[in-house]
Structure formats: structure tokens, C-alpha cells
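Chain by chain, the residues:
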Amino acid sequence: MNPLESNSDSSLGAAAQESTVKSIKSTTQETGEEMKRAAQHLIERYFYQLVQGCGNVECTNEHCASNCKQAKISSNEAAVKAIELVKMKAKLCDSCPNKQRKKYKLASTASSTASVAPDQPDKPQEQSTTKDKQASEKVAAKVSFVTEEIITEKINILKESKSASPLVRLIGSVFSDWQALNRSFLKRKPLTKEEKSALSEDKDKDTDECDAASCSYSRQSSELDEPSELDLDALKRVYTALQSCEQPNIINALQNAIDSLASTVEMEARWNYDLKDKPEMLNFILIVMENPMLQSPEFLDLSLPRFCKAVASLPIAAQTNLVNKYSKFSPENLKTKLDTLQQLVTYKAITGTFRNIQQMHVNDDSAITNATKFMRIIYYASILGGTLDVSSYKATPDEETDWRDMLGAVGPENKDRKVPVRDELEKALGIDVLTSTKPLIPFSEFYNEPLNEQLEVDHDFTHFKNHDPDKFSFLNFPFILLPATKNQGLFYDNRIRMFNERRMTVLHSLVQGDQFNPYLKLKVRRDHVVDDALVRLELIAMDNPGDLKKQLFVEFQGEQGVDEGGVSKEFFQLVIQEIFNPDIGMFVENEENKTYWFNTMSFESDRQFTLIGVVLGLAIYNNIILNVQFPMTLYRKLLGKRATFNDMLECKPVLYNSMKSLLEYEGNVEEDFMQTFSVGMSDVFGGSKRQKLKEDGDKIPLTNDNRQEFVDLYADFILNRSVSKQFQAFKRGFDMVTDESPLKIWFRPEEVELLVCGNKYFDFESLEGSTEYDGGYSNTTPVIKYFWEVVNAFSDEQKKQLLMFTTGSDRVPVGGLAKLRLIIAKNGPDSNRLPTAHTCFNVLLLPEYATREKLKDRLVKAITHAKGFGML
């Protein structure tokens, strides 16, 4: 290497490093200055409260001069005590501006006006007289809120005089003050005749630049104790009018105001209790987020990220109030807020600095993380404002089971298990995602694909497990992650738990001399796979249920296959086929939608259903997709939701339509149906019996008034009470494997179904694009071209057979076939040999057949008659 080049590279690296250090120091100094200014402002507020008071004669704050019980103190004493109150985070009154505060506010407003107001080179310098400055300061001091009328008047001045200074000063003084914004754009009561008369007199007397609209609302702006509703329609018209002005200095004024507002709110969030106690104090967030210009590049760079940081710093109580406010918005309006935040995340994910800086991840981008925290508020607002079925969340006492009466497969309880913690905002709101039947915004709208592409799941999972508040993890905000991304995180969680079980087994074997058995080994006969598997699993569950969380290894008796994943896949497929066999009778098939439900008249014991639940849990735990056809209702029940009438559509569609017709019947229900609160059923031996839906149900007639109750009770009986024994045993086995897994906090029911059953769309074009080649093959090799021509012409059943042959499963993985890493390797020259496969590694060994017809013949025979494992 040329030494000059080496020195040049090192000098450039040193310069870049020095530049980075200076940038960090500069950022740190700016942050420190902002903190100092905010702290100084807070000390001054306490000082004036101690000296002048808040003006409320009934004030009970012990640190306020307006409190009659508070002794008078000197200015020096007040200054010292103000610093102590800041450290104590003492209560601050919602004070009215007094003489001292007005002076302070006037000075600060004048300085901010000077920094915001643009230059006017086309105006004579002589116009900026002392009198004009005093008039402008007077207006700025008077306007502590704005209305649509005030903004409209300033816009008219802009159009007439071509001067944007009054409008810019107004925006700079009000939009940078969160308290002023809270007083702005409110729906207020109309003025009385006396007030209008007084307004006219004041207007005649006042010859300065006092806004008439501002004076007209002076009475109501001071009534801060009476919360008012925000006038969103007027606010939208204001933003539209500002945007139509097409003045860069107006946009700059809004940007600067939002920057200043964000810095103030970030500090106020730590000290001001009004933000979490008074929902009306959060109106400023609603006002800023209504700005349609937030999606423009000017705001996406700095202003919007800073504002998101301020909102994210709010305490949970304030965020709860904000969720309640947003839950009353229309779906269309709320969707615009989500689009704004999604655009910010996408913009930063695509252009973020972490793409070019080594060892920097998307988790380190504060703009993305704070926007995600803000998006969580929109997410829960969408749930809270949508259709909720709160009564279906918790199981009723009649579903509780005494597990001490269940022998065998149950095993001892794991008292040391660590259950994943629910989101703190979700707990504060008292809701659950499972209760949402129809949110304001579809759940899929919260996914962000560019973010998922940039996210390093292993790094993010490390933050998730560390529980460090300074380390952000997107897995704590699963609504923004695609199911494939969350599935990858679940894979890491399961693997780590497997390694922990293996390590503990090694430790016990060394200390206690136990037999070394680091894996969950199942040796089964192919013809008796269910019996052998359930017996072995039952013994393990009785002895130590923790062994179920070891890595699974399956061996078929008499076969040479070594389980690296492919043998386990076929084992689960065989077990599922046997379990749903009608001869066993554990589940019954719904012929209309081809789904299976629990057989209420099954002769199988509870232990059998428990072990079937264990099998389903093991499949998820070992990242294996199953060919099961359960209705979505089952996954909701597994996650803790009690089935209701709406769930009957998936399980019993004919019965659902009958009950719906009953609810919509316009005639006399009692006379026409002659039905009571009891229904007919078949017993185990084919006889008929009556089942009371409630106490003395056979004596209660069905009428127009109580038909809704009848439908709800009937659905509850069919979906919950009649299968309670079987389902609770099934759920018990499922939880024995997944009780410590974050499955229930990361995935919704429809995502769990995707996790279990895989994708239903066979996109072989994506599979062709993601396939890799080995042994001299490439996508231009003639035999490879023949292969894809043949495969793309296959029927859906043949495509499933091909997947089963090459991967050991005929299911499409979560995320589609593009996530399946298929490898086609050369297996010698042209011959009559059939293709073979390593299902554990998704490798297809394909001889270099000379013709397309020969390849099709050999491939079809291979995938049609493939069964069993051997050594190659």
C-alpha cells in the first residue's frame, strides 16, 4: 500500500471523527441550553406564584400567595424557595397573568417576535418607528389565543398590504405557547347583547391595532376552568387558508413555533400536573396535528420529530387522556394522523443516518422511535373508538377447572414462570386488543414495511429482553411490525429458551448425576405415531413439564433419517392427520367452511385433549407450520377471549343465519315460534334431550323483548359451555408450552392463525425469485428453465406435494414463499434417477435431465410417491 494513501485515509478518518465529536458536543450544548432556559422559566413561575399569587381567592395551594393561609415572604426568600419547589416538583397553579408576569411575557414575546418576523426589503426603513413597535408589542401582549376570525383578519391584511409581518408575529406568539393554543379554536357560546354593546364601546375607544375578534372572546378565554370542545372544522379552514397564502415565511413561522412549543412541552411534561389531570390541556396536540403541511419535507426533517418527542415524553395519565380525545375522532380524520406518522417513519427509515454509520441501528433513530410511541396513542384510540366487546374478554367461573382432578398429562404447575408484561398504556386504558371487533382503522394500516426491512430483529430482541428503559425495542410496539418480523422475534425467544433448558440439564447432570438428556426426544412408529407420541408426551408432562421446552428431535423407528427439522415437520403432519380422523371423534368437521370444532360427545379423556394442546404448542415453539383448519374463534379463545354470538358465523354459519333471522323477525315471536329458553340436543347414544339455557328456561317463553338474550345464551352454550371441558384441557396443554412466550402480547388471533397454518397464497413466482442454485446450476441453466416451466403449470395440489417433498411441509411460511430459502443443487448428469431432497435444509437434488418431458415425468413420480426417510 502507498504510505501517502494510508496517511491520507487516516487523516480523513481523523477529520471525520473530529467532525462527529464536534457535532455531538454541539448537540449536547444546545440541549443543555434548552434545559437551562426551561428550568429558568419554571423557577420564575414559582417565584411569581410565591410573590404575587395566582389571583384565585379560593386557592388552596400551600405554595401560592393567593392562599389566605400562606404567610407573606420577601423577594429573596421567594427566590430561594422557588428553586426548592422546582426540585420538589411542587404544584403549580393555573395562574392568571399578573403585573409582573405580563412584563416578563411582554419581553419574551417581543424577543420571539423579533426572531420570527421576516425582513421586508421592499418597505421603507422609516416605517419601523418606535410607535409601531410599541403597538405591535401591545397586540402581542394582548393576544393570548387565536380564533378563525383573528387569523382571517391577518390574512386579509396580508392580501391588501402584501405584508405578512402581523400574521407571522401572531403565529410566532400563539403557536409556540401551549397554553395559548389550548385557549384557541374553541367552540364558544355566543355573546349576549350587553357584551356585544360593551364590545362596540371598547372597539370605539381602542384606536390601536387591537383585534376586534380577540376582544370579542376576551370574556370566554379567561374561563379556563370550563373545558370547551375544539372546533376542528374551523381549524381545518384556518390551515387551508394559511396554506393557500403560499408564503415561505408563514411556513417558517409555523416550523419555528412548533420547535419552540416542543421544547417547552418536553420540560412541562416533567413538572406540570395539569397535563395529566386536565384533558383540555392537551388541545394543543390536536391543533398541531391537524396541520396538513406536517407531511411536507420541511416539517419531516426537524419540526415533526421534535413534536413527536414532546408527545412521547408525556406521562401515561396524559397519554390516556389523549387516547380518549382521539377516540372520538372520525375514522377518516384519525387515519390522516396515522398517515402523517407513517410518512415520518418511512421517510427516516429510507433516508436515516443509520444506513451509513456502522453499528448504528434503526432503534437509535429518535425520530422513528418517538413517532412509533405517538403511533401507539393513535393505535389505542382506534381500538377504543371502534366496536368493543368487553364482556367477552374474561372467562366466567363456569369455565374454570380444578386441574388437581386431571391426572397424567397435566403435571405440576410452573410457579417460577415469567409471564410477559402487558403494555402500560393498555393497562391504564383498561382495554385489550382482543376486545376490538372493528377498530376505527384496520390493524393492517399500522404495519410499516420500510421499517421492517431495515429492522435487525436480533438486535431489537436484545433490547426487548434487557428491559432497559434507555434501549428502545420495536417488539414492545408490535402493532407496527409485520407478522413475519414478529415470527422471527418469536423464533429467537424460543431458541434462547431451548438453550437455557439445555444448559440447566447439563448443570443438573453434573451436580446431581442425572442422565444427560438435553433434547425432547420422541421415538415413534410410523403406523402408531399418535399413540406413541401421546404416551411419551404424557410421561414427560407428568415427570417435568419443563422438558417440553427443550428442542424437539423426532426419530421414526426403522428409518435412518436424522432430524434437522425435516423429520419433525413430517411427524407433525402425520399427527394432525390422525387427530382429525373422523374415526377418532375428537373433532367434528363443519362441511360448509371445512373447519373443525370440538366434539361435545367425544369418548376421549381430558388428558387426550391436553396432549393435543401440547402438540399445537410444540409446533409453534419449534417453528413448524401445521395443516389445521380451526376457526378463528379457537385462536381468540386461546388468547383469552370468550366466544360470543358474532363468533358463531365462523363455527356454525347455518345456526348463525337462523339466529340472525330470529333477531330481524318482524312478526310476533312468541306466537309464531312457540319457543322457550331451552333447546333440543342429541346425547351420546343418538337420543334427544332438552338443555336449559338459564334457570327454569323451559318455563320462560321466547318473545320479541327477550330474543337478544336468547341468542346470546344460545351462542354461549354452543361455543363455550358445551365444550368447556374439552377446550380447557386443550388450552391447558397449549399453555404448558407457551406460557412464558410473548406470543399473546405480540400476536393478534388472525396472526396466530397465520403463525400456525402459514400463508394461504401459493406465490410460486416469489419462490422462483428467491431460490438459490448450487453445484453449477443457475437460473439460465436449461434444466432449471424446464423445472420452473413445469412447476408453474402444476395444479395447486401438485404444488403442495412439491413443497411437502422439498421442505417437509405443504404450508407456505409466514411472509410468503419469498421467505422460504429453497436451494436447487445439481445431482449428476442426465439419468433415470428420481429427484431427492434434504427436507431439513430445503435442498432439492435435481439431475441434469436432457428434456423437459423427462424432467416432468421424474419430478411428478417423486413428489407423488415420496414417503419415509433414508440416508443418501
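These figures come from a predicted structure and were not determined experimentally.

I'm lost on the packing of helix 15 (residues 297–312) against helix 17 (residues 331–351) in this one. Help?
Geometry of a packed helix pair, given as the angle between the helix axes and the separation of the axes. The contact between helix 15 and helix 17 brings their axes to 11 Å, and the two run at 120°. In terms of their interaxial angle, helix 15 and helix 17 are classed as oblique. Crossing of helix 15 over helix 17 shows left-handed handedness. In this structure, helix 15 contributes Leu 300, Asp 301, Leu 304, Pro 305 and Cys 308 to the contact, and helix 17 contributes Thr 340, Leu 341, Gln 343, Leu 344, Tyr 347 and Lys 348. Counted by class, the contact of helix 15 with helix 17 contains seven nonpolar, two polar and two charged residues.

Looking at this structure, I do not really get the nonpolar core. What am I missing?
Proteins that are soluble and globular tend to have nonpolar side chains buried together. Formed by 178 residues in total, the largest nonpolar core has its most connected members in Ile 285, Tyr 326 and Phe 374. Setting aside residues no more than four positions away along its own chain, Tyr 326 makes contact with Ile 285, Leu 286, Met 289, Leu 334, Lys 337, Phe 374, Ile 377, Ile 378 and Ala 381. Among the nonpolar cores identified, the runner-up in size contains 26 residues, and Val 790, Val 791, Leu 820 and Leu 846 belong to it.

Hey, could you run me through the confidence of the model for the protein in this one?
Atomic detail in the predicted coordinates should be set aside for any region of low pLDDT. In this model, the protein carries an average pLDDT of 77, and 78% of its residues clear a pLDDT of 70 or more. When pLDDT is averaged over each element of the protein, helix 18 (residues 366–385) comes out on top at 94 and helix 3 (residues 99–116) at the bottom at 36. For residues 1–17, every residue scores under 50 in pLDDT, and the model assigns this stretch one contact once sequence neighbours within four places are set aside. Predicted confidence for residues 19–28 stays below pLDDT 50, and this span has zero contacts to residues more than four positions away or in other chains.

Help me understand the sheet that holds strand 10 (residues 823–826), please; the structure alone is not making it clear to me.
Strand pairs in the sheet, formed through backbone hydrogen bonds, run parallel or antiparallel to each other. Spatial strand order, 9-10-12-11: four strands in an open sheet with mixed pairing. The open sheet is flanked by strand 9 (772–774) and strand 11 (836–838), the only strands paired with a single partner. Sheet twist, expressed as the mean angle between neighbouring strand axes with direction ignored, is 25°. Both strand 11 and strand 12 (residues 843–846) contribute to a ladder of three bridges, which runs antiparallel. Looking across to strand 12, one finds that Ala 837 is bridged to Leu 844.

Sorry if this is basic, but what is going on with the packing of helix 12 (residues 248–271) against helix 15 here?
Put simply, helix 12 and helix 15 touch, their axes get as near as 8 Å, and they point 25° apart. Overall, the two elements helix 12 and helix 15 adopt an arrangement that is roughly parallel. Considering how the two elements wind past one another, helix 12 and helix 15 form a crossing that is left-handed. Each of Ile 251, Leu 254, Gln 255, Ile 258, Asp 259, Leu 261, Ala 262, Val 265 and Glu 266 in helix 12 lies in contact with helix 15, whose residues at this interface are Glu 298, Phe 299, Leu 302, Ser 303, Arg 306, Phe 307, Lys 309 and Ala 310. Among the residues forming the contact of helix 12 with helix 15, the class breakdown is 10 nonpolar, two polar and five charged.

Definitions and limits used
- Residues numbered from 1 in each chain as written.
- Predicted model: local features only at pLDDT ≥ 70, side-chain atom pairs only at ≥ 80, totals over all residues.
- Heavy atoms only, no water.
- Axes fitted to C-alpha atoms, helices over the stretch in contact; angles between N-to-C directions.
- Helix = DSSP H or I, 4+ residues; strand = E, 2+ residues; numbered from the N terminus.
- Parallel < 35°, antiparallel > 145°, perpendicular 65-115°, else oblique.
- Left-handed = near helix turned anticlockwise from the far one by under 90°.
- Contact = heavy atoms within 4.5 Å.
- Nonpolar A, V, L, I, M, F, W, Y, C, P; charged D, E, K, R; others polar.
- Core = buried A, V, L, I, M, F, W, Y, C linked by side-chain atoms within 4.5 Å.
- Buried < 20%, exposed > 50% of the residue type's maximum accessible area, 1.4 Å probe, protein only.
- pLDDT = per-residue confidence, 0-100.
- Pairing = 2+ DSSP bridges.

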